[in-house]
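Architecture at a glance
In case you want the letters, here they are:
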Amino acid sequence: MTGKIVGNNRFLKEFNQTAILDMIRVHKAISRAELSKLTGLSPTAIGSIVSELLEMGYISESGIGESKGGRRPVLIELKPKSFYTIGIDMDVNYINFVLMDITSWIIEERTLGMPKSLVFKNVMKVIRGEIKKILKDYGITTERLLGIGMSVPGMVDSRDLKIIFAPNMGWEDIDVKDQFEDFSDIKVYVENEAMASAISENWIGTCQGISNFVCVNIKSGIGSGIFIDGKPYRGTSGITGEVGHMVVDSNGSKCRCGNYGCLETIASTTHMVDQAKRLVKSGIASKLNDISDVEDLSPKSIIDCAREGDEVSRNILLESARYLGLAISSIVNILSPQKVVLGKDFVHYSDIVLDHMKEIVMCKALKQTSKDVEITESKLGERASVLGSAIIPLKVFFGK
Ligand SMILES: [Zn+2]
């Protein structure tokens, strides 16, 4: 909280409850006296709000704090396992679920296979079934569910709960709201997966307290989530951060978006695998030949071979990183972020390519924009977007 709360007007009650709850979240354990001092609300007003929050079950009295003369104060904190959120993240091969409680504690993580057909209705049937199963397994009633967040690898309208275009999934113009009728009393949120990653990096990851940063996710596609002045940047259309469709090679191959030479066509894991297959078929000397069927080649086989010293595999990874570096140098020049966090599949090979990529950014971006930028891998790894999906309802609950 930056400013003091003004007045004890009863119309501000709900606002004040949210602000006090967020202050308890930020401080983890805090006394009534400290809350009064920090907010400017009278001890009586704080006492009344804290009593209400205790009664509603959001907080609990946790222990005794340090005395500053006189009686030692009772500390209050968010009550673990009192209220929950569920996050869902998906891609072509999987659907990830996470159950989180009001303290951002991860209670449970599950992964299911994505239905082969990718038909949205079938996918939602699996998702609805698993949500019910999670709630049943943990004995959670829907009254104690603060919301459900879902992240999608594609363009979404987070305000109207619509998937606009998810080319990898073959989804276009889909109304998500209709699919959650079983949970009509629960608030549902839909977010782009890279923005969901940025949200989790900001809430529990490497970008806590950082106002300007970009999370770039590299996997079968490439996307980014941008935070400016501490908030997700949505632009005019609501769709931003489509770095995967930045043209980096005007003579390049056709992209799924219809354009040519997009970053995705040259730096995604899909491209890496295609390139590896091409090289193996052309008869190049490489450890990649040890894989009995060329069609079984995967990003993991390229990374494994690179680690075993295979130059061909290493060069595939470095080439991808070079183009990523070029794109990131443009991002750095345009936005001047404090941090660029690289996530998803990138974390599996960042030790091989990160230094090379940083050199390219430092060489290509303007000295003035790049001198203070930190380029790093995500410590949340592949889980960033599913965690971010669960965090979205929490952010709303805490008025963020
Ligand atoms: Zn494209």
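Residues numbered from 1 in each chain as written. Predicted model: local features only at pLDDT ≥ 70, side-chain atom pairs only at ≥ 80, totals over all residues.

**Some remarks on the nonpolar core**
Most often, soluble globular proteins keep nonpolar side chains buried together rather than apart. Formally: Note on definitions: a nonpolar core is a set of buried residues drawn from Ala, Val, Leu, Ile, Met, Phe, Trp, Tyr and Cys, linked by C-beta atoms within 7 Å. Neighbour density around each residue's C-beta defines its exposure: 20 or more other C-beta atoms within 10 Å make it buried, 12 or fewer make it exposed, and counts between make it partly exposed, where C-beta atoms are placed from the backbone. Numbering goes from the N terminus for both helices and strands, where a helix is a DSSP run of H or I of at least four residues and a strand is a run of E of at least two. The contact criterion used is a C-beta to C-beta distance within 7 Å, with each C-beta placed from the backbone.
In this structure, I86, V216, I328 and V340 are the most contacted members of the largest nonpolar core, which totals 103 residues. Ranked by the residues each element gives to this core, the list is headed by helix α9 (residues 311-335), at 10 residues. If near-sequence neighbours (up to four positions away) are discounted, I86 is found in contact with F97, L99, I131, I134, L145, I148 and A390.

**Observations concerning the domain arrangement of the protein**
Using the following cut-off: Residue ranges for the domains trace back to a domain assignment, done automatically or taken from a database.
Splitting the protein by domain gives domain 1 (10-78), domain 2 (84-202 + 384-397) and domain 3 (206-379). One C-alpha centre belongs to domain 1, the other to domain 2, and the line joining them spans 32 Å.

**Focus on helix α7 (residues 269-281)**
Here is the rule: Multiplying 1.5 Å by the helix residue count minus one yields the expected span of that helix. The arc refers to the directions leading from the helix axis to the C-beta atoms.
Over its 13 residues, α7 extends 18 Å from the first C-alpha to the last, a length consistent with the 18 Å expected when each residue adds 1.5 Å. Along α7, the positions that sit buried rather than exposed are T269, H271, M272, A276 and L279. Buried residues along α7 cover an arc of 155° about the axis, so they all sit on one side. The exposed set on the far side of α7, more than 90 degrees from its buried face, consists of R278 and K281. Contacts made by the buried residues of α7 are with β12 (213-218), α6 (264-267), α8 (299-307) and α9. G283 occupies a position one or two residues after α7 and carries a positive phi of about 90°.

**Looking at the environment of I226**
Secondary-structure assignment places I226 in strand β13 (residues 222-228). Distance from I226 to E143, taken between C-alpha atoms, is 33 Å for residues 83 residues apart in sequence. Here I226 is in contact with V214, Y233, T240, G241 and L335, once residues within four sequence places are set aside.

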